[in-house]
Amino acid sequence: MDAFLTAASLFADPYLIGVVLAGTVAGVLVGAMPGLSSTMATALLLPFTLTMEPIPAIALLSALYCAGTYGGSITAILVNAPGAPPAAATAFDGYPLAQKGRAGQALGIASVSSAIGGIFSVIVLIVAAPLLARIAYDFGPPEYFALALFGLSMLASISGEAPVKNLMGGAFGVLLATIGMDFTTGVDRFTFGFWELSDGVHFIPVMIGLFAGAEFLLQSGRLDRVVVRAAVEAVKLPSWLDFRHCLPTIARSCGIGAFIGVLPAEGGTVAAMIGYNEAKRWAKDKSKFGHGDIRGIAGPETANNAATGAAMVPTLALGIPGSATTAVILGALLVHGLRPGPHLFTTTPVLLYGIFTAMLLANIIFLGVGLLGAKLFARVTLIPVKFLWPSVFVLACIGSYALQQSLLDVWIMVIAGILGFVLKRYGFSAAPIIMGLILGELVENSLKQSLIIFDHNWLRFLDRPIVVTLLLLTILSVGAPIFRRIRARRRATAETQGGPAQ
Amino acid sequence: MSGDIGDRSRVGDGSAARRLPRDVVVGACVLVSCAVAYAITFSFKQAPAALAQNVQPASFPRLVISVIAVLSAGQMILSWRLPEKALKPMPWTIAISAAVMIAFVIAFDALGIVPAMVLLCFGLPVLWGERRWHLIVPYAILFPAAIYGLFAKVLGVHFDPGLFGPW
């Protein structure tokens, strides 16, 4: 309680309030801009926070994360181009509603349901993170190894279409983490004579490259895309009738978002899709979905924002990222000399409550900012892409350089960008690579320590109940999506063989 | 993570059946890369047994490479004879932009950050077909100046002076 009061008192400082406000406004703007995701923005903003104290730095990134998730809904509704992937489902009903001249109502529902989801998720974070940390306090290297493995296995379900590719991406990230000097023996690995690589590949240039560099290349192929914006008079607060109509959907999506968010590696995009599907599944009259049903906006918007705070639970309590953006925030904590995990709750409680307060404030601020300024924020789509993306690339280069003031990091960013684009083209995602890169050190060290504890007897992993539970969950999370894929393959093969004969 | 690259339209003609599935080709490339990476691990120095504690520096990378190879083989099996969607041809602007990315880092090293930024902010919009000079010229001057001011003067990041420095 003392820590909470101390953290809350810190926010009496106008500087900290200003930082959260700036993060929120930047988040809404970035979220609203198609192609610029909150993950990319936090990665690009991270180098700016290097000179800041840890609390304002993490507060800024957390506020940007919350607001960026909401910001995507503005362009999803007005332009039919989701500003960020978690808002993709919002466009299904948001844009048809805007075309009917009810953009204000759609934006109002999106703002209110996002804020409710976001505030609910912060409550989940405040309650669940210390509890989880208390459980994790007794974890030894074998438990951490099993937990990291479980976190990586969850990558299989990030995208139902390519579970194996996601796992490959995660393993590739772990392999990248082995570059540099081996922690226990001091032997260089994969350094090819470059002494700068002895410290390993820093995840920030890789992250900036995979998110911003790859998106820069992707957008350079879409220069002729014309954006048509639906007209909006004014953003309206939802009427009591609208709110009552959406209330069961909002309540359901709060639960869905919080549950999905807490799972390692899952994030707002998955939560939003499930939130939309559940809103439709529970509706008595499904015919309006896809043609402008407000529940089709409330469902995904509540769910994706409810996942934000929840995704911070494993990030802070276990050091296992709950989503791609929280992986960046985890990286920021490491850069600022903090090791996420249960000890964070005893060593720096003020920082943690500072993060909770910042996220709570960000959700309240973006409700006001969204209701008052959505019309204005939608104008970011008018920024010419031929000027926007060179600016993003320059920021990506300077941001990568600023970290260690090394040109090698800029090269790493550029290579990661080109590689990220190629991988994306062939169906791989960037998020698993980042997860693997961040978790790689934990996986290797905890495995080595476990083997030493167990005298190299692998079977002794099975003596520990938590390890066994986590390993079973790992098998389930890897097996289920692959099994689904095999079934889909059989169905597709049967259709192909049956097709020409019909 | 913002969706797919380009629209993918279903291949409807018979030519697809004669071609290897894309994921099989990708999987084969990954397998070759795994073989190369595995071979590289043999160049790692051996650590003394007391230090390594039965886990040599190459052990973990080899384990991870093996996992990638197994997953890759699994992906190849899963995609075998599966109907797939054709990739949209890559616009030429993407290749140009990738070349510009590399050229920018070379210019950063050779000329210094400010000239490199000015060249990029002027050249890239022009390469992409922008011809509104009244926008290009102020952008190519003001944006690099703002970025340099922010990072070098406010955040204290040191940049090498380059060919025309110090700034």
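What you see is a predicted model, and the numbers here were worked out from it, not measured in a lab.

(A) Summary view of the overall build of chain A. Across its full length, chain A holds 19 helices and two strands. Relative to the compact-globule value of 23 Å for 502 residues, chain A shows a C-alpha radius of gyration of 22 Å, a close match. Its C-alpha atoms give chain A principal-axis dimensions of about 70 × 70 × 45 Å. Expressed as a percentage of the 502 residues in chain A, the buried residues total 62%. Expressed as a percentage of contacts within chain A between residues at least 6 apart in sequence, the contacts between residues at least 24 apart total 80%.

(B) Fine view of helix α7 (residues 141–153) of chain A. Residue and element names in this part refer to chain A. With 13 residues, α7 extends 18 Å from end C-alpha to end C-alpha; this agrees with the ideal 18 Å at 1.5 Å per step. For α7, a buried count of twelve out of 13 residues is recorded, marking the element as mostly surrounded by other parts of the structure. Residues of α7 that are buried include every one of P142, E143, Y144, F145, A146, L147, A148, L149, F150, G151, L152 and S153, and no others.

(C) View of the domain arrangement of chain B. Split by domain assignment, chain B resolves into domain 1 (9–86) and domain 2 (92–154). Averaged C-alpha coordinates put domain 1 of chain B and domain 2 of chain B at centres separated by 38 Å.

(D) Looking closely at the environment of S43 of chain B. On the secondary structure map, S43 of chain B appears in the loop between α2 (22–41) and α3 (49–52). Expressed as a C-alpha distance, the spacing of S43 of chain B and A58 of chain B, which sit 15 residues apart in the sequence, is 9.0 Å.

(E) The arrangement of the nonpolar core in detail. Ranked by size, the top nonpolar core spans 210 residues in total, and within it I434 of chain A together with I68 of chain B carry the most contacts. Viewed by domain, this core spans two of them, domain 1 (9–86) and domain 2 (92–154) of chain B, each represented by three or more residues.

(F) Layout of the confidence of the model for chain B. Residue and element names in this part refer to chain B. With 87% of its residues at a pLDDT of 70 or more, chain B shows a mean pLDDT of 85. Within the model, pLDDT remains below 50 along residues 1–16, and this stretch shows 29 contacts once partners closer than five positions in the same chain are excluded. Of the two predicted TM-score estimates for the complex, the pTM is 0.83 and the ipTM is 0.87.

Cut-offs applied
- Residues numbered from 1 in each chain as written.
- Chains lettered and ligands numbered in written order.
- Predicted model: local features only at pLDDT ≥ 70, side-chain atom pairs only at ≥ 80, totals over all residues.
- Helix = DSSP H or I, 4+ residues; strand = E, 2+ residues; numbered from the N terminus.
- Rg over C-alpha atoms; globule rule 2.2 N^0.38 Å.
- Buried ≥ 20, exposed ≤ 12 C-beta atoms within 10 Å, placed from the backbone.
- Contact = placed C-beta atoms within 7 Å.
- Expected span 1.5 Å × (residues − 1).
- Domains from an automatic or database assignment.
- Core = buried A, V, L, I, M, F, W, Y, C linked by C-beta atoms within 7 Å.
- pLDDT = per-residue confidence, 0-100.

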